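Take a look at the letters that make up each chain.
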Amino acid sequence: MGSLTNSLRRLFLLLATLILGMALGQGPKTLVLVSQGEHWWDEEAGLYEAALREELLQGGFRVLDAAQVQRVADRQLLTRLVQGDALAAITLATNFKADALVVSRVFTSRVLATQTNVATFYTYKATADVRLVMASTGQVVGSWSPSQTGTGTSEREAAFAALRNLGRQVGQELRKQNFSASGASPVVRLTVTGLKGFTDASVLLRELGAQKGVVSAERKSFANGVLEAEVVFQGSVDELAALLESLQLLPLEVTEVSGFAIEARVR
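Residue positions within a chain follow its written sequence, with the count starting from 1. The model is predicted, so local features are restricted to residues of pLDDT at least 70 and side-chain atom pairs to those at 80 or more, both for listing and for counting; the totals for chains, interfaces and linings are taken over all residues. Water and hydrogen atoms were dropped before computing side-chain values, which therefore reflect all heavy atoms in the structure.

### Things to note about the overall build of the protein chain
Each helix corresponds to a stretch of at least 4 residues labelled H or I by DSSP, and each strand to a stretch of at least 2 residues labelled E; elements are numbered beginning at the N terminus. Helix and strand content of the protein chain: 8 helices and 12 strands. For the protein chain, buried positions account for 43% of its 267 residues. Taking all contacts inside the protein chain whose residues are at least 6 apart in sequence as the whole, residues at least 24 apart take part in 61%. Total accessible area on the protein chain is roughly 13,900 Å²; 50% of this is exposed by carbon and sulfur atoms. For the exposure calls, accessible area comes from a 1.4 Å probe over protein chains only, and a residue counts as buried if that area is under 20% of its type's maximum, exposed if over 50%, partly exposed in between. Only heavy atoms enter the contact rule, under which two residues are in contact if any of them lie within 4.5 Å. Using the Shrake-Rupley algorithm and a 1.4 Å probe, accessible areas are obtained, with residue cover drawn only from the displayed protein chains.

Take a look at the structure:
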């Protein structure tokens with residue numbers, strides 16, 4: 001009975017924290033994505049994520065519903081996100097209107113098994129790779145690899161304890177992070193069609209990279225006259241679109257501006 005009362009009290013405090021945070025509009029709106037190895041949302045990753053989310057909620061964060069995230073159809077987008085693709089982070093965050101993403105992979109391993117006259121006690125270690133990514137820019141503003149241990153009279157119990165301890169630690173660390181990302185520049189996906197060859201693509205990127213406010217202009221792919229590039233620009237996407245139409249060596253016409261993506265064609 002006492003255990004049930006404590007569980008209800010804990011649930012009430014968690015809900016109260018969430019409701020208060022939403023009412024006051026405090027804390028960044030955060031999307032949490034956790035995988036174990038190459039698998040998403042299995043039981044162990046879920047335990048770690050639940051403890052992490054609870055810490056964030058208690059800190060006033062607005063954490064997006066995990067069930068919504070699990071319905072993401074584009075698994076390739078998730079893979080790119082784990083691999084550090086800035087545009088994947090921006091795309092996913094834009095879809096969920098998130099301020100920041102917490103991307104994490106978690107692993108468990110047995111450390112020790114101690115046999116006594118009463119029982120065998122197991123010690124497991126849980127380790128995570130954690131990245132805090134700003135939604136507006138795809139910039140990683142925090143990255144670390146913490147670990148925690150847990151003990152139990154079964155391997156399952158010990159692993160679960162380690163995962164919960166690790167989730168709480170990561171949540172506490174995230175509450176201390178700087179979410180402002182001041183001075184960061186957005187990454188913009190640029191698609192240009194109508195190029196005659198690879199030389200045209202190279203000329204375009206060189207001229208663009210030399211323009212004021214352009215931090216970098218990197219080719220991602222080129223095929224059949226279509227250039228895909230990532231541009232880091234110190235300004236708005238609309239300002240970058242105007243800059244593209246002012247280029248001299250290869251005049252462009254911007255045909256679409258959407259989120260952090262620009263489509264253009266050679267005039």
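### Describing the confidence of the model for the protein chain
Scored by pLDDT, the protein chain comes out at a mean of 80, with 81% of its residues at no less than 70. The score called pLDDT rates the predictor's confidence residue by residue, from a low of 0 to a high of 100. Mean pLDDT values for the elements of the protein chain range from 42 in helix 1 (residues 2-24) up to 93 in strand 7 (residues 147-152). Every residue in residues 1-25 is under pLDDT 50, and counting partners more than four places away or in other chains gives 11 contacts.

### Some thoughts on the pattern of salt bridges
What makes a salt bridge here is a side-chain nitrogen of Lys or Arg within 4 Å of a carboxyl oxygen of Asp or Glu, nothing more. The final tally for this structure, using the stated rule, is 6 salt bridges. Arginine 62 serves as the salt-bridge partner of aspartate 99, at 3.3 Å between the closest nitrogen and oxygen. Of this pair, aspartate 99 sits in the loop between helix 5 (86-96) and strand 4 (100-115) while arginine 62 sits in strand 3 (residues 62-63), placing them 37 residues apart in sequence. Aspartate 85 is the salt-bridge partner of arginine 80, the closest N and O atoms lying 3.2 Å from each other. For arginine 80, a relative accessible area of 23% translates into the label partly exposed.

### Let's talk about the pairing of strand 8 (residues 187-193)
The element strand 8 is largely enclosed, with a buried count of 5 among its 7 residues. One ladder, built from 6 bridges, connects strand 8 with strand 10 (residues 226-233); its direction is antiparallel. Of the residues in strand 10, the one forming a bridge with leucine 190 is alanine 229. One bridge is not enough; two strands pair if DSSP finds at least two bridges between them. Bridge analysis of strand 8 against strand 12 (residues 261-266) gives 5 bridges, and the strand direction is parallel. Bridged to leucine 190 within strand 12 is isoleucine 262.

### Notes on the packing of aromatic side chains
Pairing of aromatic rings covers Phe, Tyr and Trp, the last through its six-membered ring, and needs centres within 6.5 Å; plane angles under 30 degrees mean stacked, over 60 mean edge-to-face, and all others mean tilted. Considering all chains together, one arrives at 1 aromatic pair under this definition. A ring pair is formed by phenylalanine 198 and phenylalanine 222, whose centres lie 6.0 Å apart and whose planes are at 70°; its orientation type is edge-to-face. Of this pair, phenylalanine 198 sits in helix 7 (residues 198-209) while phenylalanine 222 sits in strand 9 (residues 214-223), and the two are 24 residues apart along the sequence. Under the relative-accessibility criterion, phenylalanine 222 is labelled partly exposed at 24%.

### Brief notes about helix 8 (residues 237-245)
Of the residues making up helix 8, those classed as buried are Val237, Leu240, Ala241, Leu243 and Leu244. Down the axis of helix 8, the buried set is contained in an arc of 160°. They therefore lie on one face. In this fold, the buried residues of helix 8 make contact with strand 8, helix 7, strand 9, strand 10, strand 11 (252-258) and strand 12. Here the arc refers to the set of directions running from the helix axis out to each C-beta atom.

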